[in-house]
Structure formats: C-alpha cells, structure tokens
Amino acid sequence: LLPPSKIADLAGATGVAVLDTRSWDEYRHAHLPGALFTPLNSQFNTIAGCYVPEKMPIVLLVTEARLKEAIRDLVHVGLDQVVGYFTPDMFTAYASKGKTAAIGQIEPGEIEKNVAAGAFLLDVRRNAEITERGRIGTAHNIAHTRLLARLAEVPKGQPVLVHCASGSRSRYAAGLLDRLGYRVSNVNGGFEAWKAEGRAVVMA
C-alpha cells in the first residue's frame, strides 16, 4: 500500500504505469494524470498487455478486495512488475487537493461539427467490423489493441475523437491517448449509436 504522500509523485509520471480499475464515469471525471483506464473486467489483462510496455513498473488503483485478482491477471500476460497500489478512497482524498485529469465525452450528433472545427476522428474497431458494418466517412481506423504501435498516425496537434462499435473499447483508447498528452474525447455509444440515429454510413 502506497503512503498517501506518494500518490502526487505518480501524477504525469512516464516511467510507471498507473492502472485505474474504477468505473468509466469515475475515471473520466477525475483521474490521476497519466493513469490508464483499465477496469477489472474480461478485457483487463488484454488492455494492460497492449498498453503497458514489458518490465515497466505498475501501480494499481484498486480496491483491497480485488488486489490479488488484478495482480494474478497481470502475471498471466507477463506483467509482473507491480510495485504498489492505492485505493479509491485514497484517490478521492488526494483529488480534493491534488492535480487530476479528465476526459471529455460527446454524443454521436456532435461528431460532424467537431470534425469541421478540426478534430481528428479515430475509429478503433477491427477492420473486419468496418467491412461488415461500414464506417463514418471521415474516420481513420486503428484497432484499439494496435494503437500504441501506430501512434504516429494520430496527429498530436488537434483534438481527437475516439469511437468504437458501442463505446467500450474507445474508452480504453481514450485513456491511452490521454496518458500520452493528446486532447481526446470519447464518443458515447459509438458507431452503432451514430447508425441508429440514421446518420450517413460509408460501406468500405
């Protein structure tokens, strides 16, 4: 368990990965600068395995009750460098006086005006999904599991809007881009919400 005084040292640190296992709403409204969004679900070790370099020290933001589960899942993907943890209650206490970060979220109907104003639209679905379901015309595609390796394709100097099919994978991608200094917003409901509203879809 980290001493509370050490939490501030982790804010924005690049040599350590802070894995935040809280809910999306908790994370997007206030998280430690540089922390990744990694809820403890079936995707936890996949996201950690894709977004955390091997041998990088890891600090967990996790409840005491699920600490062992989180460590076990990380070991399964070869990430065994967990050097500490702190709890949601400790983060809440820190956030009342320390520096936090937030991630914006927009509705599908806001995509076009944001793109017109210069935003970069990133579709993090798999290519096969785009072939089958179509895409939003201006979107650039990089699967969320490949994003770290293909960061050079995402421009740093403009806002980034991230979407997937329903809005879950885009949250992970938004957390990664936020950690790396991008100005990023998640598209709530993703491509399927866009399509359900009767908006234009381009078949690949």
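Notes on the structure in this doc start here. (Residues numbered from 1 in each chain as written. Predicted model: local features only at pLDDT ≥ 70, side-chain atom pairs only at ≥ 80, totals over all residues. Heavy atoms only, no water.)

Quick look at the overall build of the chain
Counting its secondary structure elements, the chain contains 9 helices and 9 strands. Taken over the C-alpha trace, the chain has a radius of gyration of 17 Å; the compact-globule value for 204 residues is 17 Å, and the two agree within 12%. Dimensions of the chain, computed from C-alpha atoms along their principal axes, come out at roughly 50 × 35 × 30 Å. By the burial criterion, 47% of the 204 residues in the chain qualify as buried. For the chain, the proportion of contacts with a sequence separation of at least 24, taken over those separated by at least 6, is 70%. (Helix = DSSP H or I, 4+ residues; strand = E, 2+ residues; numbered from the N terminus. Rg over C-alpha atoms; globule rule 2.2 N^0.38 Å. Buried < 20%, exposed > 50% of the residue type's maximum accessible area, 1.4 Å probe, protein only. Contact = heavy atoms within 4.5 Å.)

Here we look at the sheet that holds strand 2 (residues 36–37)
Taken together, the 4 strands give an open sheet; going across it, the order is 2-1-3-4, and neighbouring strands pair in parallel fashion. For this open sheet the edge positions go to strand 2 and strand 4 (82–86), each flanked by a neighbour on one side alone. With 4 bridges connecting them, strand 3 (residues 58–61) and strand 4 associate as parallel partners. When the sheet's bridge partners are listed, Ile58 is paired in strand 4 with Val82. (Pairing = 2+ DSSP bridges.)

A look at the sheet that holds strand 7 (residues 140–141)
Within the open sheet, the 5 strands sit side by side as 5-9-8-6-7. Their pairing is parallel. Each end of this open sheet is capped by a strand with a single partner; those strands are strand 5 (104–106) and strand 7. Pairing geometry for strand 6 (residues 120–123) and strand 8 (residues 160–163), over 4 bridges, is parallel. Directly across from Leu122, in strand 8, lies its bridge partner Val162. Taken strand by strand, helix 8 (residues 169–179) contacts strand 6, strand 8 and strand 9 (184–187), and its axis lies near 175° from that of strand 9. (Axes fitted to C-alpha atoms, helices over the stretch in contact; angles between N-to-C directions.)

Here's the deal with the pairing of strand 3
Both faces of strand 3 are covered, namely the face carrying Ile58 and Leu60 and the face carrying Val59 and Leu61. Where the polypeptide runs from strand 3 across helix 4 (residues 67–76) and back to strand 4, its parallel neighbour, the crossover connection is right-handed. (Right-handed = clockwise from strand over helix to strand, strands pointing away.)

Looking at the packing of aromatic side chains
A complete count under the given rule lists 5 aromatic pairs for this structure. Between Phe37 and Tyr172 the ring centres are 5.7 Å apart and the planes differ by 25°, which places this aromatic pair in the stacked class. Of this pair, Phe37 sits in strand 2 while Tyr172 is found in helix 8, placing the two residues 135 residues apart along the sequence. Here the two residues Phe37 and Tyr172 agree in accessibility, since each one is buried. The interplanar angle of 40° and the centroid separation of 6.0 Å between the aromatic rings of Phe91 and Tyr94 together place this pair among those described as tilted. (Phe/Tyr/Trp six-rings, centres within 6.5 Å; stacked < 30°, edge-to-face > 60°.)

Overview of unusual backbone geometry
One non-glycine residue, Lys55, lies in positive phi territory at about 75°. Within the element layout of this structure, Lys55 appears in the loop between helix 3 (44–51) and strand 3.

What to know about the packing of helix 3 against helix 4
Viewed as axis vectors pointing N to C, helix 3 and helix 4 meet at an angle of 55°, and their least axial separation amounts to 9 Å. Relative to helix 4, helix 3 is oriented oblique. Crossing handedness for the pair helix 3 and helix 4: right-handed. The residues of helix 4 that touch helix 3, namely those facing Phe44, Asn45 and Ala48, are Ala70, Asp73, Leu74 and His76. Tallied by class, residues from the contact of helix 3 with helix 4 come to 4 nonpolar, 2 polar and 1 charged. (Parallel < 35°, antiparallel > 145°, perpendicular 65-115°, else oblique. Left-handed = near helix turned anticlockwise from the far one by under 90°. Nonpolar A, V, L, I, M, F, W, Y, C, P; charged D, E, K, R; others polar.)

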